[in-house]
Amino acid sequence: MKRLIFSLCLICLCFSCSEKEDAYPSIVSEFADIFSDNRGAFIKFATDDDKTYLIQNKVTGYQPNAFYRGVCGFVPDGTSATLYQLDAVYILRDSTSRVCHDPINVTSIWRAGKYINMQLTPKTRGNGHFWGYCTDSTRVGHIFLSLHHNQNKDPLAYSETVYASLPVDSLKGVGLGDSITLSICTFDGIIRQFKFTK
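Residues numbered from 1 in each chain as written. Predicted model: local features only at pLDDT ≥ 70, side-chain atom pairs only at ≥ 80, totals over all residues. Heavy atoms only, no water.

K.L.:
Teacher, can you tell me more about unusual backbone geometry here?
P.N.:
When glycine is set aside, most residues are seen to have a negative phi, and most peptide bonds are trans. One non-glycine residue, Asn65, lies in the positive phi region at around 50 degrees. By the element assignment, Asn65 lies in the loop between β3 (52–55) and β4 (67–77). (Helix = DSSP H or I, 4+ residues; strand = E, 2+ residues; numbered from the N terminus.)

K.L.:
Would you mind showing me how to read the confidence of the model for the protein chain here?
P.N.:
Keep in mind that low pLDDT regions are not for reading the predicted coordinates in detail. With 88% of its residues at a pLDDT of 70 or more, the protein chain has an overall mean of 89. Long-range and interchain partners of residues 1–21, a stretch whose pLDDT sits below 50, account for 56 contacts in this model, where long-range means more than four residues apart. (pLDDT = per-residue confidence, 0-100. Contact = heavy atoms within 4.5 Å.)

K.L.:
Teacher, can you tell me more about the environment of Ala66 here?
P.N.:
With respect to the helices, strands and loops of the structure, Ala66 is situated in the loop between β3 and β4. Using a relative accessible area of 18% as the deciding quantity, one classes Ala66 as buried. Note: C-alpha distance between Ala66 and Asp37 (29 residues apart in sequence) is 7.4 Å. In this structure Ala66 touches Ile34, Phe35 and Ser36, once residues within four positions along its chain are discounted. (Buried < 20%, exposed > 50% of the residue type's maximum accessible area, 1.4 Å probe, protein only.)

K.L.:
I'm lost on the pairing of strand β7 (residues 115–121) in this one. Help?
P.N.:
On any regular strand, side chains alternate: one points to one face of the sheet, the next to the other face. The element β7 is extensively covered by neighbouring structure, given that six of its seven residues are classed as buried. Two successive antiparallel strands, strand β6 (residues 105–112) and β7, enclose a turn made up of two residues, where Gly113 displays a positive phi of approximately 60 degrees. Pairing analysis gives six bridges linking β7 to strand β12 (residues 162–167), with the strands arranged antiparallel. Bridge pairing in β12 places Leu120 opposite Val162. (Pairing = 2+ DSSP bridges.)

K.L.:
Where do I start with the packing of aromatic side chains in this structure?
P.N.:
Tallied over the entire structure, the rule returns 10 aromatic pairs. With 5.9 Å between their ring centres and 45 degrees between their planes, Phe35 and Phe67 make a pair best called tilted. Linking Phe35 in strand β1 (residues 28–36) with Phe67 in strand β4, this pair joins segments that are 32 residues apart in sequence. A residue is classified by how much of its surface remains accessible, and Phe67, at 36% relative accessible area, is partly exposed. (Phe/Tyr/Trp six-rings, centres within 6.5 Å; stacked < 30°, edge-to-face > 60°.)

Here it is in structure tokens:
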């Protein structure tokens, strides 16, 4: 089961510009690991392609000396960046002991750095869902996983975007070059399978 590690959804900033200037900068959007200082302020983030940026603007109110994961909307400036948007990402943990495969739609899924990243579309009325992964079976050089999704009795009211990351290094007994197959139950009754290599 995965709990939401932080709830900052949007950083709203004011821009001062003349009529000749663009109202909004060109924003880059990346999954990233985010780190706070001893006062609970975000100080830097590292994207999945190992680029690290010092955060120029003030983002406070988090646990001190902590690690978070999010989708960062930012404008880079050398080794620094200004954050304009930040969406929470669930880090998927082993939930094999309480497996649940409530259906969900998959927008996209891909391997990047040490993570398998996902953009998912559950149906919800705003109640909390539970997320994780389950180990279905293993054999030499191959592990078979499934997405743990517990609807938690939340009505299927409207679609919502959810981001999740599965840390590949957390998979026990999986070595470099081994295969990973992830199965996800969808609303159309089809189990979609996605294959990756560690």
